[in-house]
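# Chain and residue survey
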Amino acid sequence: MVKTIYLDNSATTKPLTEVMQTFMVVNEQYYANPASIHAMGVEANDLLMRAREQVADILQTEAKNVLFTSGGTESNNAAIFGIARSNTHIGKHILTTEIEHPSVLETVKQLTKEGYEVDYLRVDQHGVISLDELRAKIRKDTILVSIMHVNNEMGAIQPIKEAAAMIHEMSRAALHVDAVQSFGKLAVSFNGEEGPDSIAISGHKIHGFKGSGVLAFRKSMRWQPYALGGGQEFGLRSGTVAVPQAVALAKAARLAVETLNDCAMKYRQWQDEIRTQLKGYGEAVHILSTPQGAAHILSFSVRDLKGEVIINAMQKRGIIVSTSSACSSKQTKTSHVVEALHLDEHYKKGVIRMSFGAHNTAQDIEKFKQVLAEVMLELKGEMK
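For the structure given in this document, a descriptive report is provided here. Computed from a prediction, not measured in an experiment: that's the story for all the values here. (Residues numbered from 1 in each chain as written. Predicted model: local features only at pLDDT ≥ 70, side-chain atom pairs only at ≥ 80, totals over all residues. Heavy atoms only, no water.)

### Some details on the sheet that holds strand β8 (residues 213–217)
- With respect to topology, seven strands assemble into an open sheet ordered β2-β8-β7-β6-β5-β3-β4, the strand pairing being mixed. Both outer strands of the open sheet, β2 (66–69) and β4 (117–121), are each paired with one neighbouring strand and no more. Going across the sheet, the axis of each strand differs from the next one's by a mean of 20°, ignoring polarity.
- Direction of pairing for strand β6 (residues 174–178) relative to strand β7 (residues 198–202): parallel, over a ladder of three bridges. Paired with D178 across the bridge in β7 is A200.
- In the packing of helix α4 (residues 102–112) onto the sheet, contacts are made with β3 (93–97), β4 and β5 (142–148), and the angle to β3 comes to roughly 155°. (Pairing = 2+ DSSP bridges. Helix = DSSP H or I, 4+ residues; strand = E, 2+ residues; numbered from the N terminus. Axes fitted to C-alpha atoms, helices over the stretch in contact; angles between N-to-C directions. Contact = heavy atoms within 4.5 Å.)

### A few points about the pattern of salt bridges
- Across all of its chains, the model carries 20 salt bridges by this definition.
- K109 serves as the salt-bridge partner of E106, at 3.2 Å between the closest nitrogen and oxygen. Taken together, the residues span about one helical turn, with E106 and K109 both in helix α4 at a distance of three residues.
- Owing to a relative accessible area of 41%, K109 belongs among the partly exposed residues under this scheme. (Salt bridge = Lys/Arg side-chain N within 4 Å of Asp/Glu carboxyl O. Buried < 20%, exposed > 50% of the residue type's maximum accessible area, 1.4 Å probe, protein only.)

### Some words on the pairing of strand β10 (residues 297–302)
- For β10, the buried fraction is high: six of the six residues fall into the buried class.
- Here β10 shows a buried face lined by I297, S299 and S301 and a second buried face lined by L298, F300 and V302.
- Alignment of β10 against strand β12 (residues 351–355), held across five bridges, turns out to be antiparallel. Residue pairing for β12: F300 is matched across the bridge by I352.

This is the structure:
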């Protein structure tokens, strides 16, 4: 039986054993409702608050500014809707980029139906925005700028620190950062006045659980609640809080930050090795990810071949990779990120994304390189 090597960690990650153990213990011993006033409820709430404080310490904010959510999509939705709808006294202008995750793009699209005006920042061939364009498009009535830290399809890193300083200097707008693909891989925090105003994190991208996430704020700010009811999560997100998911996410976040530097070095070495191999195929392969991008994501495209063909050929040999993002890989149309990069038509259909995680080993990478060589040789006739 062929051993399966999973290299699709940007889609989701396998939970770490330590995180699963934490989740089970909390479920078994601290299952009371944290809003209850009896002793068991107080214990559960104390555990929840410790988890909140742990995340706050990592992000360099206060515990009262950390909300537990169901994941990145909810966090992005809540931040954008909440900030936009609470600041119409300033204006109704929003800025975002053309390569955001659908949980951002679809949300701002909905806001245009409510009378908001949305402008999009373009990216260059490396997937990076222009600070000059950002400066030119910021207006007095701009209330929100939403920029992802690391692109989920090809790993481009945006200049968040510089963007935050510019936005805060030129406007009263809040900067929301989708850090789903960067948290635990790059340094992510509010960093005082130079940082973003809100950050979205997803548990299942950092070897935690699906259905868990964080929306955190740099400071208390005008923000509209989006889930009304019993007033949990400081009245901003009502509903019984899932304590096991929150505690497990805090554990996953701590482990991710503790191992960040070691993993980054390892991932960079692996990416460099594979990049060297891909360059050997000349014009048959185009590498979308740049060496300046995130170390854990490497996207490339094979000329005149559909990505599904390559994925199936690799899967038969025990290698799991994906086409672009998991959210768009089942669609037949070209990814909006690929379109934004103005990729040559010969390469648009053959985009492959591989992404590293904590469970991968150097032996996995050696096997991938071997299988890649076999697949490229096998498909050579189809590329002519």
